[in-house]
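The residues making up each chain are set out below.
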Amino acid sequence: MSYLTPREIVSELDRYIIGQKDAKRMVAIALRNRWRRQQLTPELRDEIAPKNIIMIGPTGVGKTEIARRLARLANAPFIKVEATKYTEVGYVGRDVESMIRDLMEIGVGMVRKEETEKVRVKAEKLAEDRLLDLLLPKPTAPATAPAVSTNEGQSFVASECAQDSTREKLRKMWREGKLDERMVEVEVKAAGPQVEIMAMPGLEDMEMQFRDMFSRVFPQRRKQRRVKVKDAYELLIQEESERLIDMDKVMEAARERVEQGGIVFLDEIDKVCSNREGGKADVSREGVQRDLLPVVEGSSVNTKYGMVHTDHILFIAAGAFHMSKPSDLIPELQGRFPLRVELSALTKKDFLRILTEPENALTKQYIALLGTEGVDLEFAPDSLEEVADFAQQINDDTENIGARRLYTILEKILSDLSFEASERAGDHVLVDGKYVREKLLDIQQRRDLSRYIL
């Protein structure tokens, strides 16, 4: 659970997302309210439901990124789903409860990873001992222990002492990396029998549950693999970590984290709105909304890890709402999304900031990527002005896809350099305004091409 204040949450989001101040403030309050709720008495805590949010705005303005970064700040299970992939029960498509099953899988993966890190040191020690056993098998003791000291017994003790000395030498060599390339045979899990199950459309989750059930029924087979010592060490660490982790505790912790901190980002919610002003709507749209309602309201969903209650999962819906509006949702669903925020379209100034300010800015990514080839790439300020201006023009003249337009433009500008980078190690390449105009000249002269290229 995040202990950041709303102001600190907004500040963290500002590191990666430009603009959209209102949306950042709203999600920051929603995240902080989760912490506040945990400070209350159990009786009152259970009564407070999350304030679900609808984000309204065109594609590429940061809706998904805000939700994704929010989940990372909260260290919470997060899943992004498209409302259009779900259909009303009885139609071909996935049922809406599958999003909670998928969220639970993510939660289990998160907790398992954390537990693996906790037992890593112990697992490494156990794996090292097993590795040394493979490199230097222990001598077998005499079949019958002698009542008095005999030559056979003395020989065994001497052999054991000599082996201990050799074992410590091997341990030292292993830690110094001198045995990494040596080959060794290690016993690993073998894939179980493959059972093909023909699932009806929309019942893919049942198919996965059957596969999981059959994998538990059939005994685990093992086989010998000949691998390098360093690879065998990683395999042994993985096996020892699995033995040390209590999966029952992992599943219980994951269920708690999903129920109390899970975030579902429901994209394209506007696509399941029924257009009540005319036109023939998909017969399944309103049915999807009615199936969504109990999940958003709070219900129990059956997963292979047990029942998951959705009462306190935060749902963030998003959509462009070009052909519809939030009021076209069924009234019951509208009531479960009390917070609405409209994200503004991006301007040339925003594009310029997106290219330079965020920690994951596209220009920084390209500089790092080409730097691996020994190419020193530099963007002049006027080049970024040209890119931002061109992105604004293309978005105005064609479909407005927001900041995603910058990806296609920069790729067009740098495609030749990316192709030749392996042959230009040591070069310094300055991308200035003139360079940008030359690369985009043919598109500017034939503006109709931009509809297909950009």
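Details of the structure are given in the entry above.
Residues numbered from 1 in each chain as written. Predicted model: local features only at pLDDT ≥ 70, side-chain atom pairs only at ≥ 80, totals over all residues. Heavy atoms only, no water.

### Quick word on the overall build of the protein chain
Part 1 of the reasoning: From N to C terminus, the protein chain includes 19 helices and 11 strands.
Part 2 of the reasoning: Considering the protein chain as a whole, with its 454 residues, one finds that 41% of them fall into the buried category.
Part 3 of the reasoning: Of the roughly 25,200 Å² of accessible surface on the protein chain, 52% is carried by carbon and sulfur atoms. (Helix = DSSP H or I, 4+ residues; strand = E, 2+ residues; numbered from the N terminus. Buried < 20%, exposed > 50% of the residue type's maximum accessible area, 1.4 Å probe, protein only. Areas by Shrake-Rupley, 256 points an atom, 1.4 Å probe, with all protein chains shown as cover.)

### What about the pattern of salt bridges?
Part 1 of the reasoning: Scanning all chains against the criterion turns up 37 salt bridges.
Part 2 of the reasoning: Notably, a salt bridge pairs Arg-120 with Glu-124, separated by 2.9 Å at the nearest N-O pair. Here the residue Arg-120 and the residue Glu-124 both occupy positions in helix α6 (residues 120–135), the gap between them amounting to 4 residues, near one helical turn.
Part 3 of the reasoning: By relative accessible area, Glu-124 is classed as partly exposed at 26%.
Part 4 of the reasoning: Ionic pairing is found between Asp-389 and Lys-348, a salt bridge with its closest N-O pair at 4.0 Å. (Salt bridge = Lys/Arg side-chain N within 4 Å of Asp/Glu carboxyl O.)

### Comments concerning the nonpolar core
Part 1 of the reasoning: Residues Met-55, Ile-316 and Leu-377 are the most contacted members of the largest nonpolar core, which totals 57 residues.
Part 2 of the reasoning: Once you skip the residues sitting within four places of it in the chain, Leu-377 turns out to touch Tyr-366, Ile-367, Leu-370, Leu-414, Leu-417, Val-429 and Val-431.
Part 3 of the reasoning: The next biggest cluster of nonpolar side chains, apart from the first, holds 40 residues, and it includes Ile-54, Ile-245, Ala-254 and Val-295. (Core = buried A, V, L, I, M, F, W, Y, C linked by side-chain atoms within 4.5 Å. Contact = heavy atoms within 4.5 Å.)

### Quick word on the side chain of Ser-299
Part 1 of the reasoning: Mapped onto the elements of the fold, Ser-299 is located in the loop between α11 (285–297) and β6 (300–303).
Part 2 of the reasoning: Once residues lying within four places of it in the same chain are set aside, the contact partners of Ser-299 are Pro-294, Val-308, His-309, Thr-310 and Asp-311.

### Some thoughts on the sheet that holds strand β8 (residues 314–319)
Part 1 of the reasoning: In space, the 5 strands of this open sheet follow the order β2-β5-β8-β1-β9, with parallel pairing throughout. Each edge of the open sheet is held by one strand with a lone partner, namely β2 (78–82) and β9 (339–342). Along the sheet, successive strands turn relative to each other by an average axial angle of 20°, direction set aside. (Pairing = 2+ DSSP bridges. Axes fitted to C-alpha atoms, helices over the stretch in contact; angles between N-to-C directions.)

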